[in-house]
Amino acid sequence: MRVLGFIGILTWSLQPCFGQSEKERYEAWLDSMKNDKYIGIIKHLDDVIITDYAYQARDPKMQMNMRSTDQLMHCLPGVNMIRRGSFANEPMLRGLTSDRYVLSIDGMRIYGACTDKMDPASSYIEPINLQSLDIAFGSQSNMMGSGTGGSVNFGLKKPVFTQDDPFRFSLRSNYSTVSDEFGQAMDVNYAKDKWAIRASGVHRKSQNYFDGNGNEVRYSQFEKYNYATSINYRINTQSILAFDFVGDDAKDVGYPALPMDVSFARAKMFGLSYITDKIGLISEPEIKIYHNFINHEMDDTNRDSVAMHMDMPGNTRTTGGFIRGFLRQSSKSVIEVKADYHKAFWHAEMTMYPNEVDQLPMFMLTWPDAHRSILGVELSHTYQVKPNQKLIYSGRLEQVSSFIDSDFGERQLSVFNKSGLEHRKNNLINLSTQYLWDVTSSMTANAMISYGERVPTISEQYGFYLFNQQDGYDYLGDPDLKEERNIHLEIGQKTQKADLRFETSLFAYLFDNYIMGIYDPSLSNMTIGALGVKWYENTGRAKMFGGEMMLSNLLLPSLTSKLDLKYVYGEDFEGKPLPQMPPLKVSYSLNQNVKGWNIQPEIEWSSAQNRISEKFNELTTKSFTLLNLRVNKMFESDRMKYSLGVGVENLTDEAYREHFDIGQILRPGRNGYVQIQVMF
């Protein structure tokens, strides 16, 4: 398969960079020091422009779903959100979970601290802090790192220099009826001479929600605080020094789909960037160093009828940096390079307290002090073959070193004749070639073939008796797992006219050394009630096929319709269905502008999922239909702007769940909401 990856380097593009080039990005970023109307860096999803002082997201549906990052990402093509409760949904890219894609915040790698994925890194970012979203699918290279499922990068909102009005302020508030949730957010931007400072704060508190049957879903409450500060210092007209800090504190978080809740989850992120016009041979470079840490603690103190009380704290630390820029730029050729390095640490433990007073607590390391360092070098060359044809090919080399430094953890692994003390090295290759063709003035065709590799996650490599609520098994990691490999094929087109926008894409993922859990009947489970034990193994080949379609049409001067469709089909090494495959999903909405009011009725339909993974103990999922109604309006005065949004989600109070949700827990029933924003 590795040979195929080398040979198959003639590739074509899935989602072309319809947004800004890197040169345009740099120039716009510098220009934003004088102009507060610059929004976002859009590369793969050019509809994803996050609300700023003067602009809103192009997609009205996204405008009206800015109450949380989970809701925002739910609107994106190819993205589904795995739900374990009301809080911290896990993004899934075309049926692939976070094990298989790279997630970063403003280019900074970050890793969740929960062995049960209760805290995907996306849960530590709020919409008020977002300036852009950069999403790539499959093994398409986008300089974020090596992975077989793609990447997600959350671009942080930056302060701006405003000469005419140095002080800007916004305040937002929202309320949802289904969970009695209140949310407040504010941000401030102040600029003077060479300095610009932006600060923001968010508070959200939710009670238990009610499902479509009118039943209260216990343990679905949460409360969180998010706060961020960004400082820009303009050294001269061509150079900027930027500092970013993001903090997030959640407490009393319930997870009805899991046997444990979260007493607290805390994240702190720091980044320092330097951007200038040239350093040596590199033009328009960005140099960044960063550090982040996460502390997370699961417990079951508030649960009823607990067979054995457990505490499960975990933490991660990540330190790294990168330099990126251009080696050569001309009218026909652009070469971009990046070198990056980061090191990360994982620790998680479990203490079990027997109910019998004469028995001692039991202890084990579920992540036994694992270390991983990653050094990567990437080059991307964009060549204008003809005025209407562009070839983009790129390659990334990555060296990964992984080991544990816990004697206790080593003794645990030695029970199975495994060792984690050895520094295991993995050399990864990612290659892609993309081809863009402007067929007509209104239509662009694209195609891609790429090859990608990923190392096992820390859970897959060193995890020790990690209980998976989805299939009911304890899981063991294998330090000797091989790299997972993927060939990614895709074709698509984008048609853009004055009153019509039509996009389609068809994709195929062909995996080798696909990593999944395999039942071992010779082992006994550790978790009370678990069905047995599975080892993470390289199982051989797996494949996935699917596609997305979007059709937006101007029906009348003030009436727009939008149709979205997405589907994924997957098979494992035995030709059986892969678990957590999203069924066919269709949504259709109308957006009517009446005297400045945007009125949007919407219908979402999901087909039943009867192709289930029996080895994963999946159950079939029924088809469901949701009706939503949203209304939004912007008001303006000389000094202020006001935005009002109201709506009803799941209007018919449908009792439903998504197939990939954990624990068979129903999603919320009818929900009325209101959101208000004031900008000075």
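So, how was this worked out
Residues numbered from 1 in each chain as written. Predicted model: local features only at pLDDT ≥ 70, side-chain atom pairs only at ≥ 80, totals over all residues. Heavy atoms only, no water. Buried < 20%, exposed > 50% of the residue type's maximum accessible area, 1.4 Å probe, protein only. Helix = DSSP H or I, 4+ residues; strand = E, 2+ residues; numbered from the N terminus. Arc of directions from axis to C-beta. Contact = heavy atoms within 4.5 Å. Polar contact = N/O pair within 3.5 Å; in protein donor to acceptor, adjacent residues only side chain to side chain. Pairing = 2+ DSSP bridges. Salt bridge = Lys/Arg side-chain N within 4 Å of Asp/Glu carboxyl O. pLDDT = per-residue confidence, 0-100. Axes fitted to C-alpha atoms, helices over the stretch in contact; angles between N-to-C directions.

Points about helix H5 (residues 407–414)
- Residues of H5 that are buried: Gly409, Glu410, Gln412 and Leu413. The buried residues of H5 occupy an angular sector of 155 degrees when projected down its axis, which confines them to one face. Facing away from the buried surface of H5 by more than 90 degrees, the exposed residues are Asp407 and Arg411.
- Residues of H5 that are buried in the fold lie against strand E17 (362–386), strand E18 (389–404) and helix H6 (458–462).
- The backbone nitrogen of Phe408 has a side-chain oxygen 3.4 Å away, supplied by the residue at the start of H5, namely Ser406.

Points about the sheet that holds strand E4 (residues 108–109)
- Across the sheet, four strands lie side by side as E4-E3-E6-E5; this open sheet has mixed pairing. What marks the edges here is a single partner per strand, and that holds for E4 and strand E5 (130–137).
- The sheet contact formed by strand E3 (residues 101–105) and E4 spans two bridges and is antiparallel. From the neighbouring strand, Ser104 faces E4, where its bridge partner is Arg109.

Side note on the pattern of salt bridges
- Scanning the model with the defined rule gives 38 salt bridges in all.
- Between Asp244 and Lys158 there is a salt bridge; the shortest N-O distance is 2.8 Å. In this pair, Asp244 sits in strand E11 (residues 239–253) while Lys158 sits in the loop between strand E6 (150–156) and strand E7 (167–176), placing the two residues 86 residues apart along the sequence.
- According to the relative accessible area criterion, Lys158 is buried, its value standing at 12%.
- Each of Glu126, Glu181, Arg204, Lys224 and Asp248 takes part in a single network of salt bridges with overlapping partners.

Considerations on the confidence of the model for the protein chain
- Here the protein chain averages 88 in pLDDT, and 90% of its residues register 70 or above.
- Confidence, expressed as mean pLDDT per element, reaches its minimum in the protein chain at helix H1 (residues 2–7) with 32 and its maximum at H6 with 97.
- Counting contacts from residues 1–26, a segment whose pLDDT is below 50, to residues more than four positions away or on other chains yields 93 contacts.
- Here residues 28–58 scores under 50 on pLDDT; set against residues more than four positions off or in separate chains, the count is 108 contacts.

Some points on the pairing of strand E24 (residues 500–512)
- Note: strand E23 (residues 484–496) against E24, twelve bridges, orientation antiparallel. Across the sheet, Gln493 pairs through a bridge with Thr504, a residue of E24.
- What sits between the antiparallel neighbours E23 and E24 is a turn of three residues.
- When E24 meets strand E27 (residues 542–556), the two strands line up antiparallel, connected through twelve bridges. By the bridge assignment, Leu500 is partnered in E27 with Asn553.

Considerations on the sheet that holds strand E21 (residues 466–468)
- Across the sheet, four strands lie side by side as E21-E22-E26-E25; this open sheet has mixed pairing. Taken across any chain shown, the strands that pair with only one partner, and hence form the sheet edges, are E21 and strand E25 (515–519). The mean inter-strand angle of the sheet, taken between neighbouring strand axes irrespective of direction, is 40 degrees.
- As judged from the three bridges shared by strand E22 (residues 473–476) and strand E26 (residues 533–538), these two strands associate in the parallel manner. The residue of E26 that forms the bridge with Leu476 is Trp535.

Thoughts on the side chain of Thr69
- By the element assignment, Thr69 lies in helix H4 (residues 69–74).
- Classification of Thr69 by relative accessible area gives buried; the value is 4%.
- For Thr69, the residues in contact, after removing those within four places along its chain, are Ser122, Ile125, Glu126, Pro127 and Phe154.

A closer look at unusual backbone geometry
- The phi angle at Asp180 is positive, at roughly 55 degrees, despite the residue not being glycine.
- Its place among the elements puts Asp180 in the loop between E7 and strand E8 (181–192).
- The exposure class of Asp180 is partly exposed, given its relative accessible area of 35%.
- Of note in the backbone geometry, Asn650 takes a positive phi value of approximately 50 degrees without being a glycine.

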